[in-house]
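Observations on the three-dimensional arrangement
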Protein chains: 4
Amino acid sequence: MPKVGMEPVRRQQLIDATIESVAEFGLQATTINSISKKAGLSSGIISHYFAGKQGLIEATVRYLLTSLKRALIERVTTTTTPQQRLMYIVEANFARLQQQSDTTKTWLSFWAQSMHDVQLHRLQNVNSRRLYSNLACSFRSLMNASDAKLAAELCAAMIDGLWLRAVLSKSDQDQFEHCEQLAKGYVNSLIKQYGA
Amino acid sequence: MPKVGMEPVRRQQLIDATIESVAEFGLQATTINSISKKAGLSSGIISHYFAGKQGLIEATVRYLLTSLKRALIERVTTTTTPQQRLMYIVEANFARLQQQSDTTKTWLSFWAQSMHDVQLHRLQNVNSRRLYSNLACSFRSLMNASDAKLAAELCAAMIDGLWLRAVLSKSDQDQFEHCEQLAKGYVNSLIKQYGA
Amino acid sequence: MPKVGMEPVRRQQLIDATIESVAEFGLQATTINSISKKAGLSSGIISHYFAGKQGLIEATVRYLLTSLKRALIERVTTTTTPQQRLMYIVEANFARLQQQSDTTKTWLSFWAQSMHDVQLHRLQNVNSRRLYSNLACSFRSLMNASDAKLAAELCAAMIDGLWLRAVLSKSDQDQFEHCEQLAKGYVNSLIKQYGA
Amino acid sequence: MPKVGMEPVRRQQLIDATIESVAEFGLQATTINSISKKAGLSSGIISHYFAGKQGLIEATVRYLLTSLKRALIERVTTTTTPQQRLMYIVEANFARLQQQSDTTKTWLSFWAQSMHDVQLHRLQNVNSRRLYSNLACSFRSLMNASDAKLAAELCAAMIDGLWLRAVLSKSDQDQFEHCEQLAKGYVNSLIKQYGA
DNA sequence: GATGAATGAGTCTTCATTCAT
DNA sequence: AATGAATGAAGACTCATTCAT
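Residues numbered from 1 in each chain as written. Chains lettered and ligands numbered in written order. Predicted model: local features only at pLDDT ≥ 70, side-chain atom pairs only at ≥ 80, totals over all residues. Heavy atoms only, no water.

1. Let's talk about the pattern of salt bridges
For clarity, the cut-off: We count a salt bridge whenever a side-chain nitrogen from Lys or Arg sits within 4 Å of a carboxyl oxygen from Asp or Glu. Runs of H or I in DSSP of at least four residues are treated as helices and runs of E of at least two as strands, each being numbered from the N terminus. Relative accessible area decides the class of each residue, using a 1.4 Å probe on protein chains only: under 20% of the type maximum gives buried, over 50% gives exposed, and in between gives partly exposed.
Applying the stated criterion to the full structure yields 28 salt bridges over all chains. The salt bridge involving Glu180 of chain D is made with Lys184 of chain D; its shortest N-O contact spans 3.6 Å. In this pair, Glu180 of chain D and Lys184 of chain D both sit in helix α9 (residues 173-194), 4 residues apart, roughly one turn of the helix. Grouping residues by exposure puts Glu180 of chain D and Lys184 of chain D together as buried. Residues joined in a network through salt bridges with shared partners are Arg75, Glu91, Glu180 and Lys184 of chain A.

In structure tokens:
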């Protein structure tokens, strides 16, 4: 079955399979076999394309981060107001929950593992800071610099906290949307509180 | 070496060693050997007292939950005002970070694992609901029922979110205290916003 | 609880517990703990009285052999005819099955193990030869020497074969008695065939 | 080392190694390592082909049963007389002893274990019943139904008994042949006794 | 005389990696 | 390009033995 140009296809197949496996079994119980089986490929292919399990794990995290970033960029245009932009940030973050339930569990597994894996921790930090800076940037248009920083910090924590509790309690779709509404309401209250 | 009355001592030794090991290596890399080595005991003793690794893991989670609960109870007296009680709840939750840095990382590992372990998930839910009901109960003295529920939900998320971000960014002591202040400030703003 | 003169009591307790454990779990799954638990004693006592598990196993086999021997001696008197004596030999061997069902399974386990344990093999051979010589001695009164030897050999095999098939098929009491009758009938047919 | 079509080869290698190991060390002392070492393969391969030690044990028993069955079928043709057929049954059963001394000890170990292992017991019963029905079928051509049943039962016991005593006494080749002759003589005496 | 806490070697099993095809 | 057979280190668990009490 030697075909040319299969690389991007195979890589994505394996990343998708990794997300599914981590979601279903957890990071601990995810093996090279559980992944390759879900992908419908052989186990050897993982080392071929990702130089081992660890490489695939990292590539998967990078893919998730990129997806989140893209989810925001797609929403924002040049005519977007700061308030709208903030709402989009919230939406993009909760979209992790809605679009694909798998992604959610996977994300949390990677977070925990990042405590003990420098490579994952670096990636995790990029994501965390991006959320903060996106928020800070938007708030800055609506309030002074120090208030914007404070609002961004609080808002980032609120988003992560609502999201975390929703995931851990294995909430259903309605509860996810409820959390999203709470987050948006909180953004508005911050604007009202600190906004000029 | 056989002594009588060693059971409670050994059990606590092993639980402490488990917290240390999970903090240092992560739940995934924590083995029966890494634990027994830290405890200065043999590996066989774990099966003897906890009927296997899983039993020790669960006992450790139960211990952490009990500690958190006790941390709150110790602070609260009959003369505590609702506002003070809310502050104590915040403090008790952030004390996880201050008192023992190990506990923090351990906690997160268990959270992630609880997605794939029914026993751990049950324990995790007990904790999550306890935070919510403690907050709701205190807010209820200061505002109407529906506002109190909303405030408790938001506040629980804020505490978890701030705590999570502090842990994941491997913050130092000063940042932990900064987060605690943010949480307390948020409690006060909720009281001001919804309070009668 | 230090008492004097407990040795014979404890030894028998442990031997009985060993028979029970081997019958219930098999020789492979019989541990120092399964035995001591059945005996209602501590595990350490085994090393104390039998210098380890192996010593207890051998003592148990020796006890079973002695029991079998005694079962025959009790039946035989000076006035017993050769024919009666042969019937008693059959009865004594099948009594292993009737008196105590446990003994049966235990016996087979020890036989198998005797293939790989010189000590057990020696004991097993004593038993095997005793059956043969008991039979040969009795047949000798009824026929010439070479026929008696042949009859003894065939009869010993028939007894063991019937007994083995009864045990392996997990037969009930009725089937055991049926086998005993077959064995006795075979003894009579041998006497008729070769007897003067 | 990965080659295609190795599965049947590897499976047989491992089954042969299991027979050797059980013969040499006994079932109790046969480990995944003792087997894989004899096979000249790694220990992991056992789980790969047989999903664990237990699977290999069962496959080995099944192989032994099949071999015994085949040993009989090869001898019997359409022109075989009932008497000849009975002789072939005896021969096939004693061939276990002659062809491969290992098989013998292995067989006894499995018998003993079958008392405590439902899977093995089931297989053991298949074999036991097959011997009986083969004998009963052949005897039926030579005598009435009830006599044939009795003859088959006695004959099966005699074969197993002679075989067992030969194995347990660690007899040499000559003694094995002597036992086979005794068994054949017994068959003939049964035919003479009950035959029309 | 008796206990059972503690040990640690040994067992089965899992699984990431390698590599011949 | 892709497979999956094979490896072997590492994991959890078992259990006979030891020994302080």
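2. Some thoughts on the protein's contact with DNA strand F
To keep it simple, the criterion reads: We call a residue near a molecule or strand as soon as one heavy atom of that residue lies within 4 Å of the molecule or strand. N or O atoms closer than or at 3.5 Å make up a polar contact, with two conditions inside protein: a donor-capable atom paired with an acceptor-capable one, and, for residues adjacent in sequence, both atoms drawn from side chains. Charged residues are taken to be Asp, Glu, Lys and Arg, nonpolar residues to be Ala, Val, Leu, Ile, Met, Phe, Trp, Tyr, Cys and Pro, and polar residues to be all remaining types, Gly included.
With respect to spatial proximity, 36 residues lie near DNA strand F, and among them Arg10 and Tyr49 of chain A, Ile32 of chain C together with Arg10 and Tyr49 of chain D are the closest. The sugar and phosphate moieties of DNA strand F supply 77% of its atoms located within 4 Å of the protein. One of the backbone nitrogen or oxygen atoms of Lys53 of chain B is found 2.8 Å away from a phosphate oxygen of DNA strand F. Broken down by secondary-structure element, the contributors of at least two residues to the surface near DNA strand F are α3 (44-50) of chain A together with α3 (44-50) of chain D. In terms of residue class, the surface near DNA strand F is made up of 15 nonpolar, 15 polar and 6 charged.

3. What about the relation of the copies chain A and chain B?
Here is the rule we go by: For this overlay, a least-squares fit was computed on C-alpha atoms, restricted to residues scoring pLDDT of at least 70 in both copies.
Of the transformation superimposing chain A on chain B, the axial component is 0.0 Å and the angular component is 179 degrees, with the fit at an RMSD of 0.1 Å. What we have between these two chains is a two-fold relation. Scanning chain A for the C-alpha nearest the rotation axis identifies Gly161 of chain A, at a separation of 1.8 Å.

4. Section: the relation of the copies chain C and chain D
Note the cut-off: Residue contacts follow a heavy-atom distance rule, with two residues in contact if any of their heavy atoms lie within 4.5 Å.
It takes a turn of 179 degrees to lay chain C on chain D, together with a shift of 0.0 Å along the axis; the resulting RMSD is 0.1 Å. Comparing contact sets, 100% of the residues at the interface of chain C also lie at the interface in chain D, consistent with an isologous, same-surface contact.

5. A word on the interface of chain A and chain B
What counts is decided by this rule: Here the quantity called buried area is the accessible surface, traced with a 1.4 Å probe, that two parts lose on coming together, added over both.
With 42 residues of chain A at the interface, the matching set in chain B holds 42 residues. In total, chain A and chain B occlude about 3,500 Å² of area from one another, counting both sides; carbon and sulfur atoms represent 63% of this. The salt bridge involving Asp160 of chain A is made with Arg165 of chain B; its shortest N-O contact spans 2.5 Å. Breaking the side of chain A that touches chain B down by element, the ones donating at least two residues are α1 (7-25), α6 (101-114), α7 (118-140), α8 (145-168) and α9 (173-194) of chain A. The element best represented in the side of chain A that touches chain B is α8 of chain A, accounting for 13 residues. Grouping the constituent residues of the side of chain A that touches chain B by class yields 21 nonpolar, 15 polar and 6 charged.

6. Some remarks on the nonpolar core
Proteins that are soluble and globular tend to have nonpolar side chains buried together. Put simply, the rule reads: In these notes, a set of buried Ala, Val, Leu, Ile, Met, Phe, Trp, Tyr and Cys residues joined through side-chain atoms within 4.5 Å is what counts as a nonpolar core.
Counting 133 residues, the largest nonpolar core has Leu14, Leu135 and Phe139 of chain A together with Leu14, Leu135 and Phe139 of chain B as the members making the most contacts within it. Excluding residues within four positions of it along the chain, Phe139 of chain B makes contact with Leu86, Ala148, Ala151, Ala152, Cys155, Val187, Leu190 and Ile191 of chain B. With 131 residues, the next largest nonpolar core counts Ala92 and Phe94 of chain C together with Phe50 and Leu64 of chain D among its residues.

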